[in-house]
Amino acid sequence: MTGQNLEAFRFSVTFSAGAALVGVVFGVLLAYAAATTRRPAWLRGLVSSFSGVAANMGGLPLAFAFLSLLGRQGVVTKILGAMGWDIYSGDFTLGSVNGLIIVYSYFNIPLMVLVTLPAIDGLRPSWREACSNLGGTTWTYWTRIGIPVLLPSILGGFLLLFANSFSAYATAAILTDNSKIVPLRIGFFLGGDVRIGESAVGYALAAWMILIMGFAMSLYWVARRRSERWQS
């Protein structure tokens, strides 16, 4: 846990937490909009169907899509450059923390929608009516009822997105080098055409990764058990 190995864990945790946070914020807002919108009636079905597809997209197709859009010669990059904004004038790349957060948001936001929709459906209209009858405002409803009920699902979703981003391999393998994130360093030590005689380092990194993933998923399981009380 020194040198490049420590930097890989620091980089992986940083971008995974950032990608999870972005996915939670936009995923909850999108899920709430889809759950509460009554017209058009097909909007919720469209959002749910797209989320189910996008949440499972990754690997080479996703990396190629973003290279075509936001790569140095990407379509969006050229459009922004024509408008006077060179996104690569600083240290931005698709393999940086900010770049990976943008890329991973493509499947993290839809995944958060799928996680949050059942919890939002569990907010019963009678709770809002009771709050209003007792003199409560919209702020009172959300701070005393809505957010506390949704909080376990939101926290569980954050942990799920963190674990999902932390363990993702194929997309990052196209956009970054072997030294940046933990799964790629494990592959570097254990795989490849040339054996470097340090497989024990790869096993050690994998053990640390299993511990982090196990801790995150244990907290997610606790949060899900708590949120399921309001969905029955």
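Refer to the structure above for everything that follows.
A quick note: this is a predicted structure, and the numbers were derived from the prediction, not measured. (Residues numbered from 1 in each chain as written. Predicted model: local features only at pLDDT ≥ 70, side-chain atom pairs only at ≥ 80, totals over all residues. Heavy atoms only, no water.)

Draft legend 1. Examining the nonpolar core more closely. Within the largest apolar cluster, 23 residues are counted, with the highest numbers of intra-cluster contacts made by Leu 161, Phe 166, Val 182 and Met 209. Only α1 (3-36), α5 (97-121), α7 (138-167), α9 (182-190) and α10 (199-227) provide two or more residues apiece to this core. A per-element tally of this core places α7 first, with six residues. Of all hydrophobic cores here, the second largest spans 22 residues; its members include Phe 15, Leu 80, Ile 87 and Leu 175. (Core = buried A, V, L, I, M, F, W, Y, C linked by side-chain atoms within 4.5 Å. Buried < 20%, exposed > 50% of the residue type's maximum accessible area, 1.4 Å probe, protein only. Helix = DSSP H or I, 4+ residues; strand = E, 2+ residues; numbered from the N terminus.)

Draft legend 2. Up close: a nonpolar patch on the surface. A contiguous nonpolar surface patch, about 390 Å² in accessible area, is contributed by Met 1, Leu 6, Trp 208 and Leu 211. Assignment of secondary structure puts Leu 211 in helix α10. (Patch = residues over 30% accessible without salt bridge, like charges linked within 9 Å, V, L, I, M, F, W, Y side chains within 5 Å. Areas by Shrake-Rupley, 256 points an atom, 1.4 Å probe, with all protein chains shown as cover. Salt bridge = Lys/Arg side-chain N within 4 Å of Asp/Glu carboxyl O.)

Draft legend 3. Examining the packing of α1 against α5 more closely. Viewed as axis vectors pointing N to C, α1 and α5 meet at an angle of 40°, and their least axial separation amounts to 5 Å. Here α1 lies oblique to α5, going by the angle between them. With respect to the hand of their crossing, α1 and α5 are arranged in right-handed fashion. Looking at the contact of α1 with α5 residue by residue, the classes come out as 21 nonpolar, seven polar and one charged. (Axes fitted to C-alpha atoms, helices over the stretch in contact; angles between N-to-C directions. Parallel < 35°, antiparallel > 145°, perpendicular 65-115°, else oblique. Left-handed = near helix turned anticlockwise from the far one by under 90°. Nonpolar A, V, L, I, M, F, W, Y, C, P; charged D, E, K, R; others polar.)

Draft legend 4. Focus on the packing of helix α3 (residues 59-70) against α5. The interhelical angle for the contact between α3 and α5, taken along N-to-C directions, is 130°, at an axis separation of 11 Å. Compared by their axis directions, α3 and α5 come out oblique. Pair α3 / α5 crosses with right-handed handedness. Here Leu 62, Phe 66 and Leu 70 of α3 lie close against α5, whose contacting residues are Ile 102, Val 103, Tyr 106 and Phe 107. Grouping the amino acids of the contact of α3 with α5 by side-chain chemistry returns seven nonpolar, no polar and no charged. (Contact = heavy atoms within 4.5 Å.)

Draft legend 5. The arrangement of helix α2 (residues 43-54) in detail. Helix length check: α2, at twelve residues, gives a terminal C-alpha distance of 16 Å against a target of 16 Å (1.5 Å per residue), a fit within 8%. Regarding α2, the residues found buried are Val 47, Ser 51 and Ala 54. Along the axis of α2, the buried positions cluster into a sector of 70°, meaning they face one direction only. Buried residues along α2 sit in contact with α1 and α5. (Expected span 1.5 Å × (residues − 1). Arc of directions from axis to C-beta.)

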